[in-house]
Amino acid sequence: MKTKLLLLALLLTSYWVAAQQTVELNNNKPLTWQGKAAMGGYAPEGTLEVEKAVITIENGQITALVVAVDMKTLSQENKRLEKHLRNEDFFDVKVFPQAVFTLTDPVDLANGTCKLQGVMSIKNKAVSEEIPAWINITDQLITITFDAQLDRTAYGITYNSPSFFTKLKDQAIADEFTLKGKLSLPNRF
């Protein structure tokens with residue numbers, strides 16, 4: 001009887017281990033961001049590097065996802081603008097070198113559109129976000145592509161915001177910015 005119970009426990013443990021796997025994502029491609037003027041067509045863009053991304057998949061669902069972005073890698077072709085975005089008027093990357101997204105609700109792992117419910121932390125301000133994403137599964141890769149619209153003022157970034165300063169006219173910078181990216185991991189699940 002003891003042997004049968006031990007065998008059953010081993011089988012259940014091996015099933016649980018096989019059903020849940022945590023993988024660090026290998027993302028060599030940078031994320032892209034785009035801001036925009038509140039008036040007119042000026043819309044600067046640039047890149048950010050993912051420092052680390054870890055995903056847990058269990059029983060056909062993404063149950064955990066943490067993506068850490070290295071804010072010190074914020075880049076833009078206009079070096080003067082890049083320096084301004086990195087300073088205390090915007091992201092203050094010396095004081096806040098990392099932004100982190102943490103998934104809070106499980107997501108079904110199936111090809112197609114989904115919403116990543118989670119908490120984004122920028123400049124130590126945590127805000128609940130719902131990020132539209134697309135999941136593509138092949139024999140080799142699971143790819144999560146996302147395109148998020150974030151309100152910078154929710155993170156305390158109010159420089160030239162028309163929501164905070166009403167007389168800016170053509171100096172106003174839109175509150176929302178776009179963050180896009182693609183996270184890929186080997187399909188071992």
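Since the structure is predicted, the reported quantities are computational estimates derived from the model, not experimental observations.

Thresholds, definitions, all that
Residues numbered from 1 in each chain as written. Predicted model: local features only at pLDDT ≥ 70, side-chain atom pairs only at ≥ 80, totals over all residues. Heavy atoms only, no water. 1 Å grid on protein atoms, 1.4 Å probe; cavity = no way out; pocket = protein on both sides within 12 Å on 5 of 7 lines; lining within 4 Å. Points joined across faces, edges and corners; volume = space filled by probe spheres on them. Helix = DSSP H or I, 4+ residues; strand = E, 2+ residues; numbered from the N terminus. Nonpolar A, V, L, I, M, F, W, Y, C, P; charged D, E, K, R; others polar. Core = buried A, V, L, I, M, F, W, Y, C linked by side-chain atoms within 4.5 Å. Buried < 20%, exposed > 50% of the residue type's maximum accessible area, 1.4 Å probe, protein only. Contact = heavy atoms within 4.5 Å. Polar contact = N/O pair within 3.5 Å; in protein donor to acceptor, adjacent residues only side chain to side chain. Arc of directions from axis to C-beta. Salt bridge = Lys/Arg side-chain N within 4 Å of Asp/Glu carboxyl O. pLDDT = per-residue confidence, 0-100. Pairing = 2+ DSSP bridges.

## A short note on the layout of surface pockets
The computed volume of the largest pocket comes to approximately 700 Å³. Along the walls of the largest pocket sit 39 residues, with Trp33, Gly35, Leu85, Phe91 and Phe177 positioned nearest its centre. Elements represented by at least two residues in the lining of the largest pocket include exactly β2 (31-34), β4 (61-76), α2 (79-86), β5 (98-103), β7 (112-122) and β10 (176-186). Broken down by element, the lining of the largest pocket gets its largest block of residues, five residues, from β4. Taken together, the residues of the lining of the largest pocket sort by class into 30 nonpolar, five polar and four charged.

## Points about the nonpolar core
Formed by 44 residues in total, the largest nonpolar core has its most connected members in Ile55, Ile62, Phe91 and Leu116. Setting aside its immediate chain neighbours within four residues, isoleucine 55 contacts Gln21, Thr22, Val23, Leu25, Ile62, Ala64, Leu65, Ile144 and Leu185.

## Comments concerning the side chain of arginine 152
Checked against the element boundaries, arginine 152 lands in the loop between β9 (141-151) and β10. From its side chain, arginine 152 meets the backbone oxygen of alanine 174 in a polar contact 3.0 Å long. Excluding its chain neighbours within four sequence positions, the residues that come into contact with arginine 152 are Phe90, Ile157, Thr158, Tyr159, Asn160, Ser161, Ile173, Ala174, Asp175 and Phe177.

## Some thoughts on α2
Buried within α2 are the following residues: Leu81, Glu82 and Leu85. The arc that holds every buried residue of α2, seen down its axis, measures 105°, which confines them to one face. Structural note: α2 exposes Lys79, Arg80 and Lys83 on the side pointing more than 90 degrees away from its buried face. Where α2 is buried, its residues contact β2 and β4. The N-capping residue of α2, defined by a side-chain oxygen 3.0 Å from the backbone nitrogen of arginine 80, is asparagine 78.

## Thoughts on the side chain of glutamate 129
One can find glutamate 129 in strand β8 (residues 125-137). A polar side-chain atom of glutamate 129 sits 2.6 Å from a polar atom in the side chain of tyrosine 155. Among residues more than four places away in sequence, those in contact with glutamate 129 are Leu116, Gln117, Gly118, Met120, Gln149, Leu150 and Tyr155.

## Description of unusual backbone geometry
Even without a glycine there, the phi angle at lysine 123 is positive, about 55°. Relative to the assigned elements, lysine 123 resides in the loop between β7 and β8. The phi dihedral of asparagine 124 is positive, around 60°, even though this residue is not glycine. For asparagine 124, the position within the fold is in the loop between β7 and β8.

## Digging into the pattern of salt bridges
Pairs can form between side chains of opposite charge whenever their charged atoms are close. Using the criterion set out here, one finds four salt bridges in the structure. With a shortest N-O distance of 3.6 Å, lysine 72 and aspartate 70 are connected by a salt bridge. Residue aspartate 70 is classed as buried on the basis of its relative accessible area of 16%. The shortest N-O distance in the salt bridge between aspartate 175 and arginine 152 comes to 4.0 Å. Here aspartate 175, found in the loop between β9 and β10, pairs with arginine 152, found in the loop between β9 and β10; they are 23 residues apart in sequence, far enough to count as distant. An identical accessibility class is assigned to aspartate 175 and arginine 152; each is buried.

## With respect to the confidence of the model for the protein chain
With 88% of its residues at a pLDDT of at least 70, the protein chain reaches an overall mean of 87. Of all the helices and strands in the protein chain, helix α1 (residues 2-19) carries the lowest mean pLDDT, 41, while β5 carries the highest, 98.

## A word on the pairing of β7
As defined by bridge partners, β5 adjoins β7 across four bridges and the pair is classed as antiparallel. Paired with valine 100 across the two strands is serine 121, which belongs to β7. Two strands pair when backbone bridges link them, and β7 and β8 are joined in this way by eleven bridges, in the antiparallel orientation. Bridged to leucine 116 within β8 is isoleucine 131.

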